[in-house]
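Now for the letters of each chain:
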Amino acid sequence: MQNRPKQNDEIRTTCPYCGVGCGVLARKKTDNSIVVRGDPEHPANFGRLCSKGSALGETTGYEGRLLTPSIYGERTDWDTALDLVASKFSEAIAEYGPESVAIYAAGQILTEDYYVANKWMKGFVGASNIDTNSRLCMASSVAGHRRAFGTDTVPGIYEDLEKADLITLVGSNLAWCHPVLYQRIAAAKQARPEMKVVLIDPRRTMTADICDLYLPIEPNGDVALFNGLLDHLSLHDGLNADYIEQHTSGFSDALTSAIDGSSPSKVAELTGLTQSELATFYDLFLTTEKAVTIYSQGVNQSCVGTDKVNSIINCHLATGRIGREGMGPFSVTGQPNAMGGREVGGLANLLASHMELEREDHRALVSEFWSAPNLTKKPGLKAVDLFKAVREGNIKALWIMSTNPVVSMPEADKVAEAIQACPFVVVSEVQAKTDTSQYGHVLLPAADWGEKDGTVTNSERRISRQRPFREPMGESKPDWWHICEVARRMGFADAFQYETTAEIFAEYAALSAYGNAGDRDFDIGALAGIEKPAYDALEPFQWPRKVGAEPSQTRFFANGGFYTADRKGRFVAVHSEAPSDRTDARPMLLNTGRLRDQWHTMTRTGKSPRLAQHIAEPFVEINPKDALVLGIREAELVSVRSDHGDVLLRALITHRVKKGQVFAPFHWNEQYASNARVDTLVRAVTDPFSGQPASKSTAVSVHFARMQQFAFAIVREKPDHIDAEYWALARVPDGWQVELAFETMKPDLAHFAHNLFGLTQSADWLEYEDAKSGQHRHACFQKGQLVGILFVGTRPVAASRSWAAGLLSTCFDEAKKRHLVIAGRAGQDQPDPGAIVCSCFSVGFNQIQSAVVKGCSSVKAIGDCLNAGTNCGSCKSEIQQAIDQTTREAAE
Ligand SMILES: Nc1nc2c(c(=O)[nH]1)N[C@H]1C(S)=C(S)[C@@H](COP(=O)(O)OP(=O)(O)OC[C@H]3O[C@@H](n4cnc5c(=O)[nH]c(N)nc54)[C@H](O)[C@@H]3O)O[C@H]1N2
Ligand SMILES: Nc1nc2c(c(=O)[nH]1)N[C@H]1C(S)=C(S)[C@@H](COP(=O)(O)OP(=O)(O)OC[C@H]3O[C@@H](n4cnc5c(=O)[nH]c(N)nc54)[C@H](O)[C@@H]3O)O[C@H]1N2
Ligand code: SF4
Ligand SMILES: [Mo]
């Protein structure tokens, strides 16, 4: 009885965020709020949770939820909405053919949702226009795996990360993006300090904290780096000739191609690394048998993403370091169910259960199994092409499910235009207003995490249950139900008669074993026909799990057995050059990615005050040398422009990025900032094999954005409309924080404050002005509470944000107190904790610095003294950095 579905009053479920797939114990309290903790028995996390997982309780409330279906903005009932969707899709198919409709979904729906969506589109609509945000995420890994292994499979398991003697992280900010895996590696390294960690990333991220060697590679220098490694292995007797001979094909072509492009000087040029840095890394890899190479979006999101993947896999095949304990290439998946999506064939070029769309025998099997009259025969449109087709008017009905493409797709303004131009758009969402849902003609409310029921697969092929712990809010229904109801109304009732997700899973498991004589690795036939009680009690397990098999750890390819026609693994000859679009007019390269405490387009994490504390504003990292040339000072605003759009961001001047490069997170959307959708800049150039966009390298120019006034406000109510050239909103306890800037002096600040605070009743207003410095303050109180406070100056406002946010919970019955707030130096009587480092205990940089000065010189000592880093531990590397910085500054 390891993983009971319930533990007293706690429900065992799985985190809805990243692909680590941590087990969560969730409990609903009598006031309906949710308390979570890590599941000590879940094999992904053994009780750990990161900052996002720990804050789940703050994000599951009613606020902002989509609660009822609507048509053209008018509330309606389910039957009317579903009838309309079914008839519009049917009409489009009848008039323009099955390829005139499409669905764009996400790795955040559950396997059961994914399975029926895929069955509906590929089996019954009869086209393959179902693509998902996995195209922006894992497609290059999928393509690279399929080229090398003949199947899309991650060969290793998490334990390998702990057992390895060398971990190489390529284009992965594991500390922030897969924090629990990072913590598992950190713990293993602490126990075995001889374990070495290498980071390969153009930008020095927090992940560097754990590393013995950091290689600041040139963007897209990865293929050259790994080609150089293959050459080095062959020159220094590092090959596993037996493995190459017995289990692989194509070695000599791959080596020739590697040698052609990788003279030492060429590698140094393309990677931007010194000969000595290269030699150190190459020798480490050469001499360390137990080597794991973890890679993520710095590899996948590139116009040479698939080649990058294969350049890494080539080195593992050449050394036979694959599928054995502590060894292997390891693509870490982003989303909670990116893997499940791949398994059900949730991309436009895949069929279900690792069957291939191109193979007639596979199509015949699926068609027979589904009794599908109309099985698709050819691949459909991949995400970027799909939205192009929408824009060109070729898609007449589009269904967007669980993704926010107006924020996350490259050339996002064109995507917005496309959706607006589409004759019929359905959006299945949990939030009432997103940048995408605002263009939906029909909105279908979806059950959210904690309400929905099904399975997800994590990065190590482990299938875990997401279990509900409360009823769906309002009239929301799970996504699989949306699809099945539409399918039934389109005349496919027999194939979509499911009452529960258990029935869907049982069918899916049966399909995985159907006609599978061992030529498909994805086989969970042991669960075919599973009944609901057993499904409800299902423990996390790794696939494959064939009929008769017990759950066990599984690895692939240690002894060959690939899924190619000759069962051999394939080396792929890859070439090193990656074209850049930099020009004189757009001389800098924009890199994009993630922050520790935000998730994607912020629709969930944006609700959490605790998470917003970490970084509350959209920003762009600029190297100090570039900032100097561009005349940009810290905290000023900059306009970042590409050939596709422009955004306005706060400048963060830092050595983390190299000269000529800038980095911006892609999280902010129109709900949280005036103009910070970074994907409006990103070019829609894709990898030729995977169709994955190159989201990490767009040529841009950066310009100082002159502002005459800057402001900062704390308000109790979310402002409806903000009349400022720049604004960014962040959640604080009991209200909102607003950063503002104006191109021209606001003539009437009192009026502006009135609008911002959204005040309708009489209240007590206070004003302060220092004409000499140009500083103004406006505060408004009602019934002894602050309604809002606005600080204005001609330079970025230096008031302590956490002090100001705390004013919302301060009692202002005394007039003196009110006057002090408006006239005193902001936060003068309070120590300013500084930028928040530990979100769990709200501990700031300044507090850590003063503890260091008082003698706390280790992360543990800081934890003992301030509690920082002692809950989820996601901030440990930042604490270490604060210690290092303080110690360095003291020595200078
Ligand atoms: N906190 C948080 N965690 C998340 C998510 C989130 O939104 N927030 N999202 C989840 C999802 S869906 C995903 S896909 C993962 C992504 O996880 P990661 O891939 O780790 O995250 P990114 O920040 O997108 O990119 C990783 C790194 O690639 C580097 N990079 C850019 N160009 C190159 C290059 O040419 N070569 C190399 N070697 N590196 C390069 C970037 O500088 C960046 O630091 O995170 C998951 N986890
Ligand atoms: N520039 C740049 N762009 C990127 C990336 C990058 O690194 N750089 N990374 C890319 C990657 S790897 C990814 S994965 C994407 C992520 O991009 P998106 O998928 O667009 O991001 P999310 O914010 O996760 O969007 C999920 C949406 O579904 C809703 N939702 C949540 N749960 C459910 C549910 O159960 N059912 C339904 N129907 N709706 C739900 C949420 O409210 C939200 O609006 O972004 C990509 N875009
Ligand atoms: S590492 Fe964090 S975000 Fe990822 S699954 Fe675990 S708790 Fe969730
Ligand atoms: Mo992703």
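Looking up the chain in an unreviewed UniProt entry gives the name Nitrate reductase, with the organism given as Cohaesibacter celericrescens. Under the Sequence similarities (unreviewed entry) heading, UniProt states for the chain: "Belongs to the prokaryotic molybdopterin-containing oxidoreductase family. NasA/NapA/NarB subfamily."

Participant: How would you summarise the overall build of the chain if you had to cite specific residues and measurements?
Facilitator: Within the chain one finds 30 helices and 35 strands. Against the compact-globule benchmark of 29 Å for 892 residues, the chain has a radius of gyration of 27 Å, which places it among compact chains. In terms of principal-axis extent, the alpha carbons of the chain reach across some 80 × 70 × 60 Å. Long-range contacts, defined here as pairs at least 24 residues apart, represent 72% of the contacts in the chain between residues at least 6 apart. Surface summary for the chain: the accessible area is close to 31,600 Å², and the carbon and sulfur share equals 49%. Positive and negative charge centroids in the chain, built from 92 and 108 side chains respectively, lie 3 Å apart.

Participant: Outline empty space enclosed by the protein, supporting the account with residue identities and numerical values.
Facilitator: Under the definition given, this model contains six cavities of 30 Å³ or more. As for the second largest cavity, its lining consists of C15, Y17, C18, V20, G21, C22, L49, C50, K52, G53, P179 and V180. For the lining of the second largest cavity, the secondary structure elements donating two or more residues are α1 (51-54) and α7 (179-191). Looking at the lining of the second largest cavity residue by residue, the classes come out as nine nonpolar, two polar and one charged.

Participant: Describe in detail helix α10 (residues 251-260), supporting the description with residues and values.
Facilitator: Taken as a whole, α10 has its buried residues at F251, A254, L255, S257 and A258. Take α10 and look down its axis: the buried residues cluster within an arc of 165 degrees, on one side only. Of the exposed residues in α10, those oriented more than 90 degrees away from the buried face are S252, D253 and D260. Buried residues along α10 sit in contact with α8 (222-235), α9 (241-247), β12 (248-249) and α14 (305-319).

Participant: So what about the site of ligand 2? Which residues, and what values?
Facilitator: In the region of ligand 2, 31 residues are neighbours, and N133, S408, E429, K452 and T601 sit closest. Between an oxygen atom of ligand 2 and a side-chain N or O atom of Q108, the distance comes to 2.7 Å. The contact in question runs from an oxygen atom of ligand 2 to an N or O atom on the side chain of T603, over 3.0 Å. Taken together, the residues that form the shell around ligand 2 break down as eight nonpolar, 17 polar and six charged. Looking at which domains feed residues into the shell around ligand 2, each of domain 2 (70-136 + 337-500) and domain 4 (588-704) supplies at least three.

Participant: Which residues make up the pairing of strand β19 (residues 462-466), and what are the values?
Facilitator: For β19, a buried count of five out of five residues is recorded, marking the element as mostly surrounded by other parts of the structure. Residues R462, S464 and Q466 of β19 are buried on one face, and the alternating residues I463 and R465, pointing to the opposite face, are buried as well. Strand direction decides the pairing type here: strand β18 (residues 454-457) and β19, joined by four bridges, are antiparallel. Bridge pairing links V456 to S464 in β19.

Participant: Hey, could you go over the domain arrangement of the chain for me, with residue numbers and the actual values?
Facilitator: Partitioning the chain into structural domains gives domain 1 (6-59), domain 2 (70-136 + 337-500), domain 3 (139-331), domain 4 (588-704), domain 5 (709-823) and domain 6 (836-891). Look at where the C-alpha atoms of domain 2 and domain 5 centre, and you get two points 44 Å apart.

Participant: Pulling in residues and values, what's your account of the UniProt feature "domain: 4Fe-4S Mo/W bis-MGD-type" (unreviewed entry) in the chain?
Facilitator: Within the UniProt annotation, "domain: 4Fe-4S Mo/W bis-MGD-type" (unreviewed entry) is assigned to residues 8-64. Helix makes up 7% of residues 8-64 and strand 28%, with an end-to-end C-alpha separation of 31 Å.

Participant: Explain the nonpolar core to me, and be specific about the residues and the numbers.
Facilitator: If you look at the biggest cluster of nonpolar residues, it comprises 118 residues, and the most contacted ones within it are I294, L740 and L790. Excluding its chain neighbours within four sequence positions, the residues that come into contact with L740 are F710, A711, A713, I722, A724, Y726, W727, F752, L756 and L790. In terms of nonpolar packing, the next biggest core, distinct from the first, is built from 111 residues, L82, V170, W480 and F505 among them.

Participant: Any chance you could break down the site of ligand 3 for me, citing the residues and the numbers?
Facilitator: Taken together, C15, Y17, C18, V20, G21, C22, L49, C50, K52, G53, P179 and V180 are the residues near ligand 3. For ligand 3, the cavity whose grid points lie within 2 Å of the majority of its atoms is the second largest cavity. Of all elements in the fold, only α1 and α7 reach the threshold of two or more residues within the shell around ligand 3. The residue inventory of the shell around ligand 3, partitioned by class, reads nine nonpolar, two polar and one charged.

Participant: Give a description of the sheet that holds strand β27 (residues 698-704) that names residues and reports values.
Facilitator: Here six strands make up a closed barrel; going around it, the order is β22-β26-β23-β25-β24-β27 and the pairing mixed. In this sheet, neighbouring strand axes are inclined to one another by 45 degrees on average, regardless of whether the strands run parallel or antiparallel. With five bridges joining them, strand β24 (residues 637-641) and strand β25 (residues 646-653) adopt antiparallel strand pairing. Opposite V638, over in β25, you have L649 as the bridge partner.

Participant: So, the packing of helix α3 (residues 111-125) against helix α21 (residues 501-513): which residues are in play, and what are the values?
Facilitator: At a minimum axis separation of 9 Å, α3 and α21 run at an interaxial angle of 65 degrees. It follows from the interaxial angle that α3 and α21 lie roughly perpendicular. Our pair here, α3 against α21, has a crossing hand that is left-handed. Two secondary-structure elements touch here, α3 through T111, E112, Y115, V116 and K119 and α21 through T501, I504, F505, E507, Y508 and L511. In terms of residue class, the contact of α3 with α21 is built from six nonpolar, two polar and three charged.

Participant: I'd like a description of the layout of surface pockets, backed by residues and values.
Facilitator: Picture a little ball the size of a water molecule; that probe, rolled over the atoms, points out where space is still empty. Reported here for the second largest pocket is a volume of approximately 570 Å³. Lining the second largest pocket are 28 residues, and of these K433, Q671, Y672, K718 and W736 lie nearest its centre. It is strand β29 (residues 726-732) that contributes the most residues to the lining of the second largest pocket, three residues altogether. Tallied by class, the residues present in the lining of the second largest pocket amount to eight nonpolar, ten polar and ten charged.

Participant: Before we move on, could you go through the packing of aromatic side chains and cite the residues and values that matter?
Facilitator: For the structure shown, the criterion picks out 33 aromatic pairs. When the ring of F124 is compared with that of F492, the centres are 5.4 Å apart and the planes differ by 50 degrees; the resulting orientation is tilted. Taken together, the residues F124 in helix α3 and F492 in helix α20 (residues 479-492) connect sequence positions 368 residues apart. Residues F124 and F492 agree in their burial class; the two are buried. On the numbers, 5.9 Å between centres and 25 degrees between planes, the contact of F149 with F562 is stacked. One end of the pair, F149, is in helix α4 (residues 139-149); the other, F562, is in the loop between β20 (541-542) and β21 (569-570), with 413 residues separating them in the sequence. Relative accessible area serves as the criterion here: at 0%, F562 is assigned to the buried category. Each residue in the set Y115, F149, W370, F505, Y508, F522, Y535, W543, F556, F557, F562 and Y563 is aromatic and connected to the rest through ring pairs, giving one cluster. Sitting over the face of the ring of F496, K119 holds its NZ or CZ atom 5.3 Å from the ring centroid. One Lys or Arg, R321, reaches over the ring of F285 and ends 4.8 Å from the middle of that ring.

Each value, and the rule that gives it
Residues numbered from 1 in each chain as written. Chains lettered and ligands numbered in written order. Predicted model: local features only at pLDDT ≥ 70, side-chain atom pairs only at ≥ 80, totals over all residues. Heavy atoms only, no water. UniProt positions renumbered as here; feature names shortened; annotations may be inferred. Helix = DSSP H or I, 4+ residues; strand = E, 2+ residues; numbered from the N terminus. Rg over C-alpha atoms; globule rule 2.2 N^0.38 Å. Contact = heavy atoms within 4.5 Å. Areas by Shrake-Rupley, 256 points an atom, 1.4 Å probe, with all protein chains shown as cover. Lys, Arg positive; Asp, Glu negative; His and termini not counted. Charge placed at Lys NZ, Arg CZ, Asp CG, Glu CD. 1 Å grid on protein atoms, 1.4 Å probe; cavity = no way out; pocket = protein on both sides within 12 Å on 5 of 7 lines; lining within 4 Å. Points joined across faces, edges and corners; volume = space filled by probe spheres on them. Nonpolar A, V, L, I, M, F, W, Y, C, P; charged D, E, K, R; others polar. Buried < 20%, exposed > 50% of the residue type's maximum accessible area, 1.4 Å probe, protein only. Arc of directions from axis to C-beta. Near = heavy atom within 4 Å. Polar contact = N/O pair within 3.5 Å; in protein donor to acceptor, adjacent residues only side chain to side chain. Domains from an automatic or database assignment. Pairing = 2+ DSSP bridges. Core = buried A, V, L, I, M, F, W, Y, C linked by side-chain atoms within 4.5 Å. Sits in = over half its atoms within 2 Å of the grid points. Axes fitted to C-alpha atoms, helices over the stretch in contact; angles between N-to-C directions. Parallel < 35°, antiparallel > 145°, perpendicular 65-115°, else oblique. Left-handed = near helix turned anticlockwise from the far one by under 90°. Phe/Tyr/Trp six-rings, centres within 6.5 Å; stacked < 30°, edge-to-face > 60°. Lys NZ or Arg CZ within 6 Å of the ring centre and 35° of its normal.

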